[in-house]
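Understanding the architecture of this molecule
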Amino acid sequence: MEETKENVKEEKLSRKEKKENKKIHLLEEELKKSNLELEEWKNKYYMAYANLQNEKKMYEKEHLDMIKYRAAGFVEDLMPALDAFHVALQIKPDDQKMQNFLTGFEYIYKNILSVLENEGVTKLEPGLHAKFDSSYMHALDSEESDEEPNTVIKVLSVGYKLKDRIIRPAMVIVARKREPKVEKEEENNSSSAN
């Protein structure tokens, strides 16, 4: 009888152990699942953090660019007036009174350019006979000339640059090689002969 009591006791312990082992197994499975979920959330966190840092850097760069080029719209709006000054100052009047007005306009123009230079604006004014440079010039046309091809023969309007960004390129006319007159005469003779 004592053996049966002991067997019953062992059986109860065995069942209890099985239940406990089952619980332990379930808890271990749950722990594995939780660890995998934790890793997944860590990865998502790191990705979100990296994205946030990238957005922050991009925002800061855009903000710095906005500050750096804040005057661009103002300069673009001011260009027609600057062009008018530039054209007016090319005229050399004979009348003393007009020369005095022109001196005043020149003073105003230089002051405006000085203020713009303080903001980082530079005037792009290619010289005559300069080699054409597409980085800051725009060729509106080409004309036959004795000049070397691709050299500036006329400056139609000056360009402007804000810090390192071109606001408007200088508008120029460039030279192209003259076509020999002999060929044209031969073409005229052959067309009149037909």
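Predicted model, so just to flag it, every value in this text is computed and none were measured. (Residues numbered from 1 in each chain as written. Predicted model: local features only at pLDDT ≥ 70, side-chain atom pairs only at ≥ 80, totals over all residues. Heavy atoms only, no water.)

Structural notes on a nonpolar patch on the surface
For clarity, the cut-off: Each patch is assembled from residues with relative accessible area greater than 30% and no salt bridge, linking like charges that lie within 9 Å and nonpolar side chains (Val, Leu, Ile, Met, Phe, Trp, Tyr) that lie within 5 Å. Every accessible area reported is derived by Shrake-Rupley at a probe size of 1.4 Å, with residue values counting cover from the shown protein chains alone. A pair is scored as a salt bridge if a Lys or Arg side-chain nitrogen falls within 4 Å of a carboxyl oxygen belonging to Asp or Glu. Helix numbers and strand numbers start at the N terminus; a helix is a DSSP run of H or I with at least 4 residues, a strand a run of E with at least 2.
Taken together, Met 98, Phe 101, Phe 105, Tyr 107 and Ile 108 make up a surface patch of nonpolar side chains, about 530 Å² in accessible area. Mapped onto the fold, Phe 105 is located in helix α3 (residues 96-118).

Section: the nonpolar core
We apply this condition: Among buried residues, the Ala, Val, Leu, Ile, Met, Phe, Trp, Tyr and Cys ones that are joined through side-chain atoms within 4.5 Å form a nonpolar core. Exposure classes here rest on a 1.4 Å probe applied to the protein chains alone. A residue is buried below 20% of its type maximum, exposed above 50%, and partly exposed in between. Contacts are assigned to residue pairs with any non-hydrogen atoms lying within 4.5 Å of each other.
With 18 residues, the main nonpolar core has Val 75, Leu 82, Tyr 109, Leu 116, Val 121, Tyr 160 and Leu 162 as its most contacted residues. Listed by contribution, the elements that provide at least two residues to this core are α2 (72-88), α3 and β4 (159-162). Ranked by the residues each element gives to this core, the list is headed by α2, at six residues. Residues in contact with Leu 82, not counting those within four places in the same chain, are Tyr 109, Ile 112, Leu 113, Leu 116 and Tyr 160.

Some remarks on the sheet that holds strand β3 (residues 152-157)
To be explicit about the condition: Pairing between two strands is assigned when DSSP locates at least 2 bridges connecting them. For helices, the fitted axis covers only the stretch in contact; all axes are lines through C-alpha atoms, and the angles between them, taken along N-to-C directions, range from 0 to 180 degrees.
Taken in spatial order, the three strands line up as β2-β6-β3 in an open sheet, and their pairing is mixed. Each edge of the open sheet is held by one strand with a lone partner, namely β2 (137-145) and β3. Going across the sheet, the axis of each strand differs from the next one's by a mean of 25°, ignoring polarity. The sheet contact formed by β3 and strand β6 (residues 170-177) spans four bridges and is antiparallel. Within the sheet, the bridge partner assigned to Val 152 lies in β6 and is Val 174.

Section: the sheet that holds β4
Ordered by their spatial adjacency, three strands build an open sheet running β1-β4-β5, and the pairing between neighbours is antiparallel. One side of each edge strand has no neighbouring strand; the edge strands of this open sheet are β1 (121-124) and β5 (165-168). Averaged over all neighbouring strand pairs, the angle between strand axes comes to 30°, with direction disregarded. Against the sheet, α2 engages β1, β4 and β5, with an angle of about 50° to β5. Sheet strands in contact with α3 are β1 and β4, and its direction is about 125° off that of β1.

Notes on unusual backbone geometry
Backbone geometry at Asn 150 places phi at a positive 65°, although glycine is not the residue there. Checked against the element boundaries, Asn 150 lands in the loop between β2 and β3. A residue is classified by how much of its surface remains accessible, and Asn 150, at 43% relative accessible area, is partly exposed. With phi around 55°, Lys 163 is a residue other than glycine that occupies positive phi space. With respect to the helices and strands, the residue Lys 163 is situated in the loop between β4 and β5. We classify Lys 163 as partly exposed; its relative accessible area is 36%.

Quick notes on the packing of α2 against α3
When two helices pack together, you describe them by how their axes are tilted relative to each other and by the distance separating the axes. Which entries qualify depends on this criterion: When describing relative orientation, an angle under 35 degrees is termed roughly parallel and one over 145 degrees roughly antiparallel, while 65 to 115 degrees is termed roughly perpendicular and anything else oblique. For a crossing to be left-handed, the near helix must be turned anticlockwise from the far one by less than a right angle; the clockwise case is right-handed. Only Asp, Glu, Lys and Arg are considered charged, only Ala, Val, Leu, Ile, Met, Phe, Trp, Tyr, Cys and Pro nonpolar, and every remaining residue, Gly among them, polar.
Closest axis-to-axis distance for the α2/α3 pair is 10 Å, and the angle between their directions is 150°. Between α2 and α3, the angle falls in the class roughly antiparallel. For α2 against α3, the interelement crossing comes out left-handed. Two secondary-structure elements touch here, α2 through Phe 74, Val 75, Leu 78, Leu 82, Phe 85, His 86 and Ala 88 and α3 through Leu 102, Phe 105, Ile 108, Tyr 109, Ile 112, Leu 113 and Leu 116. Each residue belonging to the contact of α2 with α3 can be placed in one class, and the counts come to 13 nonpolar, one polar and no charged.

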